[in-house]
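Observations on the three-dimensional arrangement
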Amino acid sequence: MRPSGNPPPAPVIDGPIDNRPIDNRPIDNRPTDNWPSSDLIGSDRRGLPPAGEKGDIDAVLAVLEQVPDPEVPVVSVVELGIVRDIDWVDDRLAVNVTPTYSGCPATEVIEQHIHEALVAAGYSDPLIQRRLSPAWTTDWLTDTGREKLRAYGIAPPVGSASKRSLTGQSDPVVPCPLCGSNTTERVSEFGSTACKALYRCRDCLEPFDYFKCL
Amino acid sequence: MQNMALKNTALKNMAQKTQAPLTDYLLRLGDNALVLGQRHAQLCGKAPALEEELALMNVGLDLFGQARNWLGYAAELMVADLVTDNIDADHLAFRRDAQDFRNLLITEQPNGDFADTIGRQFLFDAWHVHLLDGLAGSSDPRIAEVAAKSLKEATYHLRRSSEWVIRLGDGTEESHTRMQRALDNLWQFTGELLQVDEIDQAMIEAGIAPDPETIAARWKATVEEVLEEATLERPSYDAWMYTGGKVGHHTEHLGFLLAEMQYLPRAYPDATVW
């Protein structure tokens, strides 16, 4: 969570739709009297031309790349691999999102943030749909997402989410994200969230989170 | 007016009769996850170690998420079949009484000491993963997708509970004694895991639920493997077993659990922000 009362500057989207900034501030920080402000809510344009043109998808992706995961804010929802599909249904933008875990408490918040970011970018009434199948896997984390996790101090998933890695038959060597050492050990199967395990580096002695394979 | 009311009741009863097996089966799946998840929630702030606090809460959260998926589906079916007015998963979780819950008795057993908590989890996980694995191939696509998602989570749950059973069983004299005691006490609720009644039978015949013989064989294999490594003695499969949770006959523990879990939504039934 970001410290309240001191929101970071809102990023500016550089896309063909418009250049409106996206409000990435936490929800309770938002001024209630003028949100959504009339010029945003008043945007009754039909969003974009029908689907099919690559450029349109890219523009939507550019917006979604600015929406951070609320629990690991260094990665965006796109880098996390939870945005599964972007399409237009009768001129209405439809975005399919999959939850990371069944009980992920951030699921609704993420969907709300995606909705707000798209509205702020000029897409009128976007449809955010939740999709369970195929189930999310850490294999969908993008390479940049993995690198950002590491830089943030969270070891990214090692290898692929095979049945062997799930059942613990092949315990991976998890390099320490802080010093790079391979001499690390698992402290607990579950870390600060369900998607992470708690590890400890035996060289630099620092504890760290490991984003485990799922 | 009275006639109309009677007619509506008759209609609802009839609809319930035709819909009951699948709805009931979903309530069983959902209530297992909900009640066991609530047992975990009760340990918030009371776990023996910080790492275990995190693990217990995460497992509980996974179970709540699974419960929401199962109960959400059950609620939709109940509404569609005119069994009840517009309801959702929250309504099923917070507005039903103990006799309407369909969870297995083992899931409602008290947390006790850490061996009781872990033993309950292990015996359940060892069954849950194999059931979910089978349900992922269900003829009902919605059940299949919820099961496939839940299976990944349950696999981690089993991994953790197995490790703990082994560590406690093959640990100190004290931990071994307690783990064996927990196992002996919980064993009487395991018969229900493998019990097949007419609702299960209807689901199996419809291709919705997997073959119970396979589930039973795999559960036994997992339990035997872990208990052997844990140097624990496995009680007899022929021991006398308690059953009844699947048809709403519960142990006295469920009522207390529900009283705590349901207090707030029952006290403020129309509140939208708590």
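Residues numbered from 1 in each chain as written. Chains lettered and ligands numbered in written order. Predicted model: local features only at pLDDT ≥ 70, side-chain atom pairs only at ≥ 80, totals over all residues.

**Observations concerning the packing of helix α5 (residues 114-135) of chain B against helix α6 (residues 141-169) of chain B**
All names here are of chain B. Put simply, the rule reads: Fitted lines through C-alpha atoms serve as axes, helices being fitted only where they are in contact, and the angles separating the N-to-C directions of these axes extend from 0 to 180 degrees. Secondary structure counts use DSSP, requiring at least four H or I residues in a row for a helix and at least two E residues in a row for a strand, with both numbered from the N terminus. The crossing is said to be left-handed when, going from far helix to near helix, the turn is anticlockwise and less than a right angle, and right-handed when the turn is clockwise. Gly falls in the polar group here, along with every residue not listed as nonpolar (Ala, Val, Leu, Ile, Met, Phe, Trp, Tyr, Cys, Pro) or charged (Asp, Glu, Lys, Arg).
Viewed as axis vectors pointing N to C, α5 and α6 meet at an angle of 145 degrees, and their least axial separation amounts to 7 Å. Note that α5 runs across α6; the crossing there is left-handed. A class-by-class count of the residues in the contact of α5 with α6 yields 16 nonpolar, eight polar and two charged.

**Observations concerning the UniProt feature "domain: MIP18 family-like" (unreviewed entry) in chain A**
The criterion, for reference: UniProt positions are given in the numbering used here, feature names are shortened, and annotations may be inferred rather than shown by experiment.
Per the UniProt entry, the sites bearing "domain: MIP18 family-like" (unreviewed entry) are residues 58-119 of chain A in this numbering. Secondary structure content for residues 58-119 of chain A is 32% helix and 21% strand, and the end C-alpha separation is 16 Å.

**Focus: the domain arrangement of chain A**
Many analyses report the size of an interface as the accessible area lost when the parts associate. The cut-off we apply is this: All the domain ranges listed were derived from an automatic or database domain assignment.
Parsing chain A into structural domains produces domain 1 (44-130) and domain 2 (138-211). Tallied by class, the residues present in the side of domain 1 of chain A that touches domain 2 of chain A amount to five nonpolar, three polar and two charged.

**Examining the sheet that holds strand β7 (residues 207-211) of chain A**
Residues and elements named next belong to chain A. As a reminder, the rule being used: If DSSP finds at least two bridges between two strands, the strands pair.
In space, the four strands of this open sheet follow the order β4-β7-β6-β5, with mixed pairing throughout. Single-partner strands in this sheet number two, and they are β4 (154-155) and β5 (184-188). Relative to β7, β4 runs parallel, the two sharing two bridges. Along β7, the bridge assignment pairs alanine 155 with tyrosine 210.

**Some points on the interface of chain A and chain B**
For clarity, the threshold we go by: Residue pairs qualify as contacts under a 7 Å threshold applied to their C-beta atoms, which are placed from the backbone.
Listed per partner, the contact involves 21 residues of chain A and 22 residues of chain B. Across the side of chain A that touches chain B, the residue classes break down as eleven nonpolar, nine polar and one charged.

**Digging into the packing of helix α2 (residues 50-80) of chain B against α6 of chain B**
Residue and element names in this part refer to chain B. Definition in use: When an angle is under 35 degrees it counts as roughly parallel; over 145 it counts as roughly antiparallel; between 65 and 115 it counts as roughly perpendicular; any other value is oblique.
Where α2 contacts α6, the two axes come as close as 11 Å, and the packing angle between them is 165 degrees. Classified by the interaxial angle, the pair formed by α2 and α6 is roughly antiparallel. Regarding α2 and α6, the two cross each other, and that crossing is left-handed. Each of Ala55, Val59, Asp62, Gln66, Asn69, Trp70 and Tyr73 in α2 lies in contact with α6, whose residues at this interface are Arg142, Val146, Ser150, Glu153, His157 and Arg160. In the contact of α2 with α6, the residues fall into five nonpolar, four polar and four charged.

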